[in-house]
Amino acid sequence: MLKNSHSKVDVSRIIEMAWEDRTPFEAIEQLYGLDESSVIKLMRRELKPGSFRLWRKRVNGRVTKHQKLRHPDVSRGFCPTQYKQK
């Protein structure tokens, strides 16, 4: 069951963004209104327990997930080849 006002498509995109190494939590907050703690709650609710633990281990301490901790040379949240052209 989806809480808040996010559609299944939105939840899927939030999960995808949360897994991406270079997408900061601030980008998710700007697009979907979910701060880091809300993203964690969503991930806990939507992922299987093992997948959630793997994700938390992966993002814990990852500086690219926080805009303020990023190196100044990292100015975008995605790789240029990430989104395929049709």
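Structure: above.
Calculation rules
Residues numbered from 1 in each chain as written. Predicted model: local features only at pLDDT ≥ 70, side-chain atom pairs only at ≥ 80, totals over all residues. Heavy atoms only, no water. Phe/Tyr/Trp six-rings, centres within 6.5 Å; stacked < 30°, edge-to-face > 60°. Helix = DSSP H or I, 4+ residues; strand = E, 2+ residues; numbered from the N terminus. Buried < 20%, exposed > 50% of the residue type's maximum accessible area, 1.4 Å probe, protein only. Expected span 1.5 Å × (residues − 1). Arc of directions from axis to C-beta. Contact = heavy atoms within 4.5 Å. Patch = residues over 30% accessible without salt bridge, like charges linked within 9 Å, V, L, I, M, F, W, Y side chains within 5 Å. Areas by Shrake-Rupley, 256 points an atom, 1.4 Å probe, with all protein chains shown as cover. Salt bridge = Lys/Arg side-chain N within 4 Å of Asp/Glu carboxyl O. Lys, Arg positive; Asp, Glu negative; His and termini not counted. Charge placed at Lys NZ, Arg CZ, Asp CG, Glu CD. Polar contact = N/O pair within 3.5 Å; in protein donor to acceptor, adjacent residues only side chain to side chain.

Trainee: What should I look at first to understand the packing of aromatic side chains in this one?
Mentor: Each aromatic ring pair is summarised here by two numbers: the centre-to-centre distance and the angle between the ring planes. The final tally for this structure, using the stated rule, is 2 aromatic pairs. Both rings, one in F25 and one in W55, keep their centres 6.5 Å apart while their planes meet at 85°; by these two values the pair is edge-to-face. Here W55 lies in helix α4 (residues 49–59) and F25 lies in helix α2 (residues 25–32), a separation of 30 residues in the sequence. W55 carries the same exposure label as F25, and that label is buried. With centroids separated by 6.0 Å and ring planes inclined at 40°, the aromatic side chains of F52 and W55 adopt a geometry described as tilted. Of the two residues, F52 and W55 are both situated in helix α4; the distance of 3 residues between them amounts to about one turn of the helix. Among the aromatic residues, those joined into a ring-pair cluster are F25, F52 and W55.

Trainee: Whenever I open this one, helix α1 (residues 8–19) confuses me. Can you help?
Mentor: Along an α-helix, residues three or four apart share an orientation, since each turn contains 3.6 residues. With 12 residues, α1 extends 17 Å between its outermost C-alpha atoms, agreeing within 8% with the 16 Å of an ideal straight helix rising 1.5 Å per residue. Among all positions of α1, only V11, I14, I15, M17 and A18 are buried. On an axial view of α1, the arc spanned by its buried residues comes to 165°, and they lie on one face. Opposite the buried face of α1, at more than 90 degrees from it, the exposed residues are K8 and V9. Each element contacted by the buried residues of α1 is listed here: α2, α3 (36–46) and α4.

Trainee: Where do I start with a negative patch on the surface in this structure?
Mentor: Together, E26, E29, D35 and E36 make up a region of like negative charge exposed at the surface. Considering the arrangement of structural elements, one finds E26 in helix α2.

Trainee: I'm lost on the side chain of T23 in this one. Help?
Mentor: Within the secondary structure, T23 is located in the loop between α1 and α2. Judged by relative accessible area, T23 falls into the buried class, the value being 5%. Polar contacts involving the side chain of T23 include one to the side chain of E20, which spans 2.5 Å.

Trainee: Explain the pattern of salt bridges here, please?
Mentor: It is possible for side chains of opposite charge to pair when their charged atoms get near one another. Enumeration over the complete set of coordinates arrives at 4 salt bridges. With a shortest N-O distance of 3.2 Å, R13 and E16 are connected by a salt bridge. Here R13 and its partner E16 are both found in helix α1, 3 residues apart, which amounts to about one turn of the helix. A salt bridge links D21 to R58, with the shortest nitrogen-to-oxygen separation between them at 2.9 Å. Of the two residues, D21 sits in the loop between α1 and α2 while R58 sits in helix α4, which places them 37 residues apart along the sequence. The class for R58 is partly exposed, based on a relative accessible area of 35%. A cluster of three or more residues bridged by salt bridges with shared partners is formed by R13, E16 and E20.

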